[in-house]
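What the coordinates show
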Amino acid sequence: MNTPDADGFLAEQLLRLTRRLHRIQKRQLEPVGITPAQSRLLRALVHYDTPPRMADLAERLEVVPRAVTTVVDGLEAGELVRRVPDPTNRRVIRIELTERGRTALRELRSARRAAAEEILAPLDTEQRAQLTVLLNALFEAPRERDC
């Protein structure tokens, strides 16, 4: 007897939702002129008290350092970030948000809110609260690093 693969269906639904959210975000970010990867890096920068190294950003974003270099290159070309020498070790380069980058971050927050509202529109307040609880449970679950 064949039983439906409920976990497989749920996983597929989550992947579809992720792709949909990515498409909506990409559309919302277009007017800002920033890619989703650039948006993610800009948002990561605000979590540091002092400008981070590229290796710090790579670790936080869970990507290889080379990926951060490419994204920083694009953001630097748009004058949203700048590379600055570390004051205590001249061999170390840190990534600093520019004023233009701060403005872009404000626009990004607005675009992300619009994207979230679009995707969450079918849910009422109670359903949104339930979804928040469920997502928090998934994020708080132990995860394997070597998948």
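Residues numbered from 1 in each chain as written. Predicted model: local features only at pLDDT ≥ 70, side-chain atom pairs only at ≥ 80, totals over all residues. Heavy atoms only, no water.

**Quick word on the overall build of the chain**
Summing up its helical and strand segments, the chain has 6 helices and 2 strands in all. Along the chain, from the amino end to the carboxyl end, the secondary structure elements read α-α-α-α-β-β-α-α. Here the C-alpha atoms of the chain give a radius of gyration of 19 Å, more than 25% beyond the 15 Å that 2.2 N^0.38 yields for 147 residues. With respect to the three principal axes, the spread of C-alpha positions in the chain is 65 × 35 × 25 Å. When the 147 residues of the chain are sorted by exposure, 24% land in the buried category. Contacts spanning at least 24 positions in sequence make up 47% of the contacts within the chain whose residues lie at least 6 apart. If you sum the accessible surface of the chain, you get close to 10,900 Å²; carbon and sulfur atoms cover 54% of it. Separation of charge centres in the chain, based on 25 positive and 22 negative side chains, amounts to 5 Å. (Helix = DSSP H or I, 4+ residues; strand = E, 2+ residues; numbered from the N terminus. Rg over C-alpha atoms; globule rule 2.2 N^0.38 Å. Buried < 20%, exposed > 50% of the residue type's maximum accessible area, 1.4 Å probe, protein only. Contact = heavy atoms within 4.5 Å. Areas by Shrake-Rupley, 256 points an atom, 1.4 Å probe, with all protein chains shown as cover. Lys, Arg positive; Asp, Glu negative; His and termini not counted. Charge placed at Lys NZ, Arg CZ, Asp CG, Glu CD.)

**Describing the packing of aromatic side chains**
For the structure shown, the criterion picks out 0 aromatic pairs. A cation over a ring is seen here: Arg 60 above Tyr 48, with NZ or CZ 5.4 Å from the ring centre. (Phe/Tyr/Trp six-rings, centres within 6.5 Å; stacked < 30°, edge-to-face > 60°. Lys NZ or Arg CZ within 6 Å of the ring centre and 35° of its normal.)

**A look at a nonpolar patch on the surface**
On the surface, Leu 131, Leu 135, Leu 138 and Phe 139 cluster together into a nonpolar patch covering about 400 Å² of accessible area. Tracing the chain through its elements places Phe 139 in helix H6 (residues 125-140). When its relative accessible area of 69% is taken as the criterion, Phe 139 is described as exposed. (Patch = residues over 30% accessible without salt bridge, like charges linked within 9 Å, V, L, I, M, F, W, Y side chains within 5 Å. Salt bridge = Lys/Arg side-chain N within 4 Å of Asp/Glu carboxyl O.)

**With respect to the UniProt feature "domain: HTH marR-type" (unreviewed entry) in the chain**
UniProt records the feature "domain: HTH marR-type" (unreviewed entry) at residues 7-140, using the numbering of this structure. Its end C-alpha atoms 19 Å apart, residues 7-140 is made of 69% helix and 7% strand. (UniProt positions renumbered as here; feature names shortened; annotations may be inferred.)

**Some thoughts on helix H3 (residues 54-61)**
Listed as buried for H3 are Met 54, Leu 57, Ala 58 and Leu 61. Take H3 and look down its axis: the buried residues cluster within an arc of 100 degrees, on one side only. Where H3 is buried, its residues touch helix H2 (36-45), helix H4 (65-77), strand S1 (81-85) and strand S2 (93-97). Just beyond H3, the residue with positive phi is Glu 62, at close to 60 degrees. (Arc of directions from axis to C-beta.)

**Thoughts on the packing of H2 against H3**
Contact geometry for H2 and H3: axes closest at 10 Å, N-to-C directions at 110 degrees. Taken together, the axes of H2 and H3 lie roughly perpendicular to each other. Each of Arg 40, Leu 41, Ala 44 and Leu 45 in H2 lies in contact with H3, whose residues at this interface are Leu 57, Arg 60 and Leu 61. (Axes fitted to C-alpha atoms, helices over the stretch in contact; angles between N-to-C directions. Parallel < 35°, antiparallel > 145°, perpendicular 65-115°, else oblique.)

**A closer look at the pattern of salt bridges**
What the rule picks out here adds up to 10 salt bridges. Between Arg 27 and Glu 118 there is a salt bridge, with the nearest N and O atoms lying 2.5 Å from each other. Placement of Arg 27 in helix H1 (residues 6-29) and of Glu 118 in helix H5 (residues 99-120) is noted, with a sequence separation of 91 residues between them. With a closest N to O distance of 2.7 Å, Asp 56 and Arg 53 form a salt bridge. Classification of Arg 53 by relative accessible area gives partly exposed; the value is 34%. Each of Asp 73, Glu 76 and Arg 83 takes part in one network of salt bridges that share partners.

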